[in-house]
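# Chain and residue survey
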Amino acid sequence: MKFGYFDDDAREYVITRPDTPYPWINYLGSENFYGLFSNTSGGYCFYRDARMLRLTRYRYNNAPTDSGGRYFYICEGGDVWTPSWMPMKSALDRYECRHGMGYSRISSAKNGLAFAQISFVPLKDNCEIHKITLTNESTADKDVDIFSFVEFCLWNAFDDMTNFQRNYSIGEVEVEGSCIYHKTEYRERRSHYAIWAVNVPIAGFDTDRETFLGLYNGFDCPKTVFAKKANNSAASGWAPIGSHHIRTHLAPGESKTFVFTLGYCENPDNQKWERAPQPSEANNALGVINKAPAKALMEKYSTAEAVDRALDELNRYWSALLGRFSVEAEDKRMARMASVWNQYQCMVTFNMSRSASYFESGIGRGMGFRDSNQDLLGFVHLVPERARSRILDIAATQFPDGSAYHQYQPLTKRGNNDVGSGFNDDPLWLICGAAAYIRETGDYSILDEKVPFDNDEKLAESLFIHLKRSFDYTLTHTGPHGLPLIGRADWNDCLNLNCFSKTPGESFQTTANFESGIAESVLIAAIFAFVGPDYAEICRRTGRAEEAERAGKAVAAMVETVNRHGWDGNWFLRAYDAYGKKIGGRECEDGQIFIESNGFAVMAGIGLEDGRAQKALDSVKERLDTPYGIVLQQPAYKEYHPELGEISSYPPGYKENAGIFCHNNPWITIAETRLGRGTRAFETYKKINPAYREDDNLLRRLEPYVYAQMVAGRDAPRFGEAKNSWLTGTAAWAFVSISQYILGIRPVFDGLLIDPCVPSSMKNFSVTRHFRNAVYRITVDNTAGAEKGVKSVTLDGQALERSADGFVLPALGDGKTHEVITLMG
Ligand code: BGC
Ligand code: NOJ
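Residues numbered from 1 in each chain as written. Chains lettered and ligands numbered in written order. Predicted model: local features only at pLDDT ≥ 70, side-chain atom pairs only at ≥ 80, totals over all residues. Heavy atoms only, no water.

### Section: the packing of helix H6 (residues 304-322) against helix H7 (residues 332-352)
At their nearest, the axes of H6 and H7 sit 11 Å apart, and the two run at 105 degrees to each other. Between H6 and H7, the crossing angle belongs to the class labelled roughly perpendicular. Contacts from Tyr317, Trp318, Leu321 and Leu322 in H6 reach Ser339, Val340, Gln343, Tyr344 and Met347 in H7. Split by residue class, the contact of H6 with H7 holds 7 nonpolar, 2 polar and no charged. (Axes fitted to C-alpha atoms, helices over the stretch in contact; angles between N-to-C directions. Helix = DSSP H or I, 4+ residues; strand = E, 2+ residues; numbered from the N terminus. Parallel < 35°, antiparallel > 145°, perpendicular 65-115°, else oblique. Contact = heavy atoms within 4.5 Å. Nonpolar A, V, L, I, M, F, W, Y, C, P; charged D, E, K, R; others polar.)

### As for the site of ligand 2
Around ligand 2, the structure places Arg354, Arg365, Arg370, Asp371, Trp491, Asn492, Asp493, Glu656, Phe661 and Gln709. In this structure, an oxygen atom belonging to ligand 2 sits 2.5 Å away from a side-chain N or O atom of Glu656. Surface burial for ligand 2 is 95%, taken as the share of its 300 Å² of free accessible area covered by protein chains. In terms of residue class, the shell around ligand 2 is built from 2 nonpolar, 2 polar and 6 charged. (Near = heavy atom within 4 Å. Polar contact = N/O pair within 3.5 Å; in protein donor to acceptor, adjacent residues only side chain to side chain. Areas by Shrake-Rupley, 256 points an atom, 1.4 Å probe, with all protein chains shown as cover.)

### Overview of the site of ligand 1
Around ligand 1, the neighbouring residues are Arg365, Asp493, Cys494, Gln509, Glu646, Tyr650, Lys655, Glu656, Phe661 and Gln709. Measuring from an oxygen atom of ligand 1, one finds a side-chain N or O atom of Tyr650 at 2.6 Å. Between ligand 1 and Lys655 there is a distance of 3.1 Å, counted from an oxygen atom to a side-chain nitrogen or oxygen. Taking 310 Å² as the accessible area of ligand 1 by itself, protein coverage stands at 79%. Considered class by class, the residues forming the shell around ligand 1 number 3 nonpolar, 2 polar and 5 charged.

### As for the environment of Ile606
Tracing the sequence through the fold places Ile606 in the loop between helix H14 (595-603) and helix H15 (612-624). As a C-alpha pair, Ile606 and Asp331 span 275 residues in sequence and 32 Å in three-dimensional space.

### Concerning the pairing of strand E41 (residues 790-795)
Of the pairings in the sheet, the one linking E41 to strand E44 (residues 817-824) comprises 5 bridges and is antiparallel in character. The partner of Ser792 across the bridge, within E44, is Leu823. As judged from the 2 bridges shared by E41 and strand E42 (residues 798-799), these two strands associate in the antiparallel manner. For Leu795, the partnering residue across the bridge sits in E42 and is Gln798. Counted along the chain from E41 to the antiparallel partner E42, the turn is 2 residues long, and its residue Asp796 has a positive phi close to 50 degrees. (Pairing = 2+ DSSP bridges.)

### Side note on the packing of aromatic side chains
Evaluation of the coordinates by the stated rule reveals 54 aromatic pairs. When the centroid spacing of 5.1 Å and the interplanar angle of 35 degrees are considered together, the rings of Tyr13 and Tyr705 count as tilted. Linking Tyr13 in strand E2 (residues 12-15) with Tyr705 in the loop between helix H18 (697-700) and strand E35 (708-711), this pair joins segments that are 692 residues apart in sequence. Taking relative accessible area as the criterion, Tyr13 reaches 0% and is therefore assigned buried. The exposure class assigned to Tyr705 is buried, which follows from its relative accessible area of 0%. The interplanar angle of 80 degrees and the centroid separation of 6.1 Å between the aromatic rings of Phe600 and Trp733 together place this pair among those described as edge-to-face. Of this pair, Phe600 sits in helix H14 while Trp733 sits in helix H19 (residues 730-742), and the two are 133 residues apart along the sequence. Over the ring of Phe350 we find Arg390, and its NZ or CZ is 3.9 Å from the ring centre. Taking NZ or CZ as reference, Arg439 lies 5.7 Å from the ring centre of Phe749, over its face. (Phe/Tyr/Trp six-rings, centres within 6.5 Å; stacked < 30°, edge-to-face > 60°. Buried < 20%, exposed > 50% of the residue type's maximum accessible area, 1.4 Å probe, protein only. Lys NZ or Arg CZ within 6 Å of the ring centre and 35° of its normal.)

### Points about the sheet that holds strand E36 (residues 722-725)
Strand pairing in a sheet is mediated by backbone hydrogen bonds. Such pairs are either parallel or antiparallel. Spatially, the 3 strands line up as an open sheet ordered E34-E35-E36, and their pairing is antiparallel. Every other strand in the sheet has two partners, leaving strand E34 (660-661) and E36 as the edge strands with one partner each. Where E35 lies against E36, 3 bridges are found, and the strand directions are antiparallel. Each bridged residue has a counterpart across the sheet, and for Ala708 the counterpart in E36 is Ser725.

### Looking at helix H16 (residues 665-674)
With 9 of 10 residues buried, H16 is to be regarded as a mostly interior element. Positive phi shows up at Gly676, right after H16, with a value of about 80 degrees.

### Overview of the side chain of Arg769
Looking at the secondary structure, you find Arg769 in strand E39 (residues 764-770). Setting aside chain neighbours within four positions, we find Arg769 in contact with Arg324, Phe325, His381, Glu440, Ile745, Pro747, Leu752, Ala774, Val775 and Tyr776.

Encoded structure:
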């Protein structure tokens, strides 16, 4: 069953009924101010940090789901309704929600009154704009009362949902004209406040939730709206909200537009007040805040025209970004995902890391060291400068020995002590991210940037030294078989081989009840074999020949170790536990074969020359493949194993315990391209791509335009159901797999390699790629029906010579467009 469709020309997903199988959301915002926006106008917004500076309140895991957002209530002709369907679940005569690039539109109608809402965050301002247009489509005059509604969060979202003994007494607001100012804690330690404003005079307002709704009413039944009269309530403690009451009249055919601004404003410390609070005065005269920044913001968006201009700018920004990589192909589902939605999701994961989605509460997780490096892989071609500074931020949280804080906080950019360190794959991802940046840009100067260790300027060294410490950390932390020690966990956060937790509530990721110094990871060895050659190549290209040689040897030795201790006969092992027992081997009762080590080992080229790579991928297909993607391991763990940790705590088929963990499916896709099996590679690509499951929404449930972290595996009762959309490394890896390995347009140190690996049925496609200040229009002719192999390439009509790496387009850097014709076969 379908709930909408892709409008490719508009780059929008159009949702045609509001009761989607789960809230289908979009992200508003590009750099500092963000909103999560569902297809029924639910969600919330924050400035820079979803935990510390949250403007509006949102209740996760609520019943009904997704209640809370920016709501508009309409009273007309004796009827009261909410045009975004929620929260009243009004029976609408029309409904449509269009999620686009950084904006969403909802349009609906009831009783001859049409409603149109466009919501977005302007490029350079810290606010959400909601432009509302009402149109009288009937032949009679209409008197309409509109009530707006947002509920403020008392800034720190964690405190906001836990510390009620304090919170119920601290809420403060001011109202002036048509603007409601939320100023809780402004008098003491904050110099910021939030506004909720509209660009027309209002008939009244409310700022106290209980007064507006009635204590025992939900958002679907606000007392004030039914009474058609605002109370001009002033919040004092409890729950501050913002509600405007607008009375308007619409003649037949007439339209009226209102601009609402939900914004964040900051004042310099010495200019906080228009009239400072007087210590001698009673509590009700706490001072008048300096409204200058709010007034400037309201002034800027005081007209519909100004809003439309800002929206145009946003559209131009996205056109320019997405113009940097786009595909034309017969397979529309692949083309739209690769050209638009996959890259859009990569931008969102770059911005959010794993902080705020409908599955991440925005209070728990900062920026992941591992996650942010991987996110870069799908983002670096969009805005290389931002990728550059992100790499430097991440590196600054590294410890001097090369290990890393697993997470850092976006506001302070400091490592997060609560989660700590010891995830032994982390250091290697820094090499992976930095190498991707250099391949994209050719900018080796990043290696010379001085970057602190552990945020301590005194410990600053060049980024190159950071990479070296990453490389060496792996080499100096090996176990009995010479394989890298796993530490707290590797990429699989749930393979906690030194945790041995028997205490409820203990964190699997930070607890070590048993520091074995023995448990080893074949996956880390394979990651080392994959990124190590990049490190060696970077050394070679920057005049560090000796180090390049040392690195090359270390990689070869690690590959040897994997061959000796990491091969199980038909596939690669996964790990050795704290007793030196195999994980992911044929003699294991459960967890005999894992996806991760097999994908990464083949990506690294291990076993390519002697048939083991093919054997490994055939085993993956035989044992792990399903119609919805490849499960993480089999058989699923049926019991809890303290020596394995969180992985065995999940019910079979979910999450890391044999769920389809989409993040590492592209590793198999890429590995298949190394074998030249284009048909199989594309098959694995399609299985996790949501656009191919658009007709299967009732089972899959989540947005058909973005990847999810997990789809329930075949051991789970809900096999095929997706969870955790948006913030997942799947986005970056899926984009790498399609753009660089299937379509085969891959940045390498010398230029842009053309090396497609496609199903033989894919007869032609073309890619436009911006690369180091030139544009390449690459058409690929595969009338030969090959799966891999390029016969010839012409660049602007001249035959290109094949190098040892294959056909590599030089970085022309002339700002011009170049025609590239590729013949497969
Ligand atoms: C999840 C992992 C996640 C980890 C870290 C676990 O509960 O299963 O997917 O990476 O928590 O927060
Ligand atoms: C989600 C985490 O964000 C990521 O870092 C980890 O690799 C996967 N889960 C697998 O556990």
